[in-house]
Amino acid sequence: MFKNIFGSEPQVHASAPGRVNLLGEHTDYNGGFVFPTPLPYQTYIEAAAAEGLEAYAENFRERKSRGLDVAKQGDWLDYIAGCVWVLRQHGYAVPGLRAYIRSEVPMSGGLSSSAALEVAALRALRALYQLPLDDVQIARLAQQAEVEYVGVRCGIMDQMASSVGRLGYGLFLDTQNLQTRLAPLPQGYRVAVVDSAVPRRLAESGYNTRRSECEQACELLGVKSLRELSPTDLPRLEALPEPLNRRARHVVTENQRVLDGVQALLQGDIKRFGELMVASHISLRDDYEVSIPELDELVEAELRHGAVGARLTGAGFGGSTVALVEASRYEAFKQGVLQDYPRARFF
């Protein structure tokens, strides 16, 4: 593929997966806990050394190029440019990149297609220029590229899940210190990722607004981050003005749901884990207000047709849901959901 576009063979190959978040939404940029798992969908990059940037995106059938001194342009090449930019910011002498990109990760579905692209690009650059970077450093750099170059104030969950996660396991991540723990997903159950067919774009959604609201709540509460609070502090949150009280309440209770959820899985209590998924969706809908009617409808259909738990996943405002379903009941579950919500797309 690379040779067909650029006329030569690639020097390195790299890939990184998308992710779905099982619990812990909108907690990562608040220093909290998250519990994602990588998906069996990859973004692949074939690459070679170059001066400046030149890339072909198979999904768009589009070729773009850019000098290293050019600012972001608001297109897909920004994510590659941001990775080169962040490495140069850290003192790595990276002259550029020529890349062929192919992705299986659905875009605008809340499954971290951008993080998969960033991590894959940084892995390619690491191999190409023999950079001394471990997987946690790759995740940190990928997040910095998206925040400071692309301009989306994301937390680090997506990049960590893509860079250090493991298929078949949930990744418990403390985003404050980046400590991780793998917890095996339950045997005999399937994680169903279902696209609502309502695309969402982080930079155009209320994502940055929600982050600012959390920062305002911290200022009024006199804390550096909402991570400092626990459910015993919930009465303090009631004194905050609307909607800051509800934004903070979601983060504090969601952190506890992650802790409780990991413990439930380790104890084999699948029913409890499912209940926590549902409670998370309700909190995201009512307190954080990032759900939309289509996502609510889809979650209700999933629960009606046998899901142990279901919730929106990702930033919200469209995108996907995640449900936990007994593997033996998956086909009946899928058909039932499609009857109630024909636009659904299963991954």
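Data block above holds the structure.
Since the structure is predicted, the reported quantities are computational estimates derived from the model, not experimental observations.

Visitor: Any chance you could explain the overall build of the protein here in plain terms?
Guide: Counting its regular elements, the protein contains 11 helices and 11 strands. A compact globule built from 347 residues would reach a C-alpha radius of gyration of about 20 Å, and the protein, at 20 Å, matches this within 12%. On the principal axes, the C-alpha backbone points of the protein span a range of 60 × 50 × 35 Å. Burial statistics for the protein: of 347 residues in total, 59% are counted as buried. Within the protein, contacts between residues separated by at least 24 positions form 70% of all contacts whose residues are at least 6 apart in sequence. For the protein, the exposed area adds up to about 14300 Å²; of that, 46% sits on carbon and sulfur atoms.

Visitor: Please explain the environment of Ala183 as it appears in this structure.
Guide: In this fold, Ala183 is placed in strand S7 (residues 179-184). Separated by 14 residues in the primary sequence, Ala183 and Tyr169 place their C-alpha atoms 5.4 Å from one another.

Visitor: Please clarify how the sheet that holds strand S8 (residues 189-195) should be interpreted in this entry.
Guide: Strand pairing in a sheet is mediated by backbone hydrogen bonds. Such pairs are either parallel or antiparallel. The strand order S9-S10-S8-S11 describes an open sheet built from 4 strands, whose pairing is antiparallel. Looking along the sheet, the strands with just one partner apiece sit at the ends: strand S9 (309-313) and strand S11 (345-346). Judged from the 2 bridges that link them, S8 and S11 form a sheet pairing that is antiparallel. Bridge assignment links Asp195 to a residue of S11, and that residue is Arg345. The sheet strands contacting helix H9 (residues 270-286) are S8, S9 and strand S10 (320-326), and the helix crosses S9 at an angle near 40°.

Visitor: What's the story with the nonpolar core in this structure? I'm lost.
Guide: Across soluble globular proteins, nonpolar side chains have a tendency to be buried as a group. Core analysis: the largest hydrophobic core is formed by 76 residues, its most contacted members being Ile45, Ile80, Leu97, Leu125 and Phe333. The element best represented in this core is helix H3 (residues 113-129), accounting for 9 residues. Leu23, Leu265, Met277 and Val322 belong to the second largest nonpolar core, which has 24 residues in total.

Calculation criteria
- Residues numbered from 1 in each chain as written.
- Predicted model: local features only at pLDDT ≥ 70, side-chain atom pairs only at ≥ 80, totals over all residues.
- Heavy atoms only, no water.
- Helix = DSSP H or I, 4+ residues; strand = E, 2+ residues; numbered from the N terminus.
- Rg over C-alpha atoms; globule rule 2.2 N^0.38 Å.
- Buried < 20%, exposed > 50% of the residue type's maximum accessible area, 1.4 Å probe, protein only.
- Contact = heavy atoms within 4.5 Å.
- Areas by Shrake-Rupley, 256 points an atom, 1.4 Å probe, with all protein chains shown as cover.
- Pairing = 2+ DSSP bridges.
- Axes fitted to C-alpha atoms, helices over the stretch in contact; angles between N-to-C directions.
- Core = buried A, V, L, I, M, F, W, Y, C linked by side-chain atoms within 4.5 Å.

In short, the description is geometric, and any link to function would need to be established separately.
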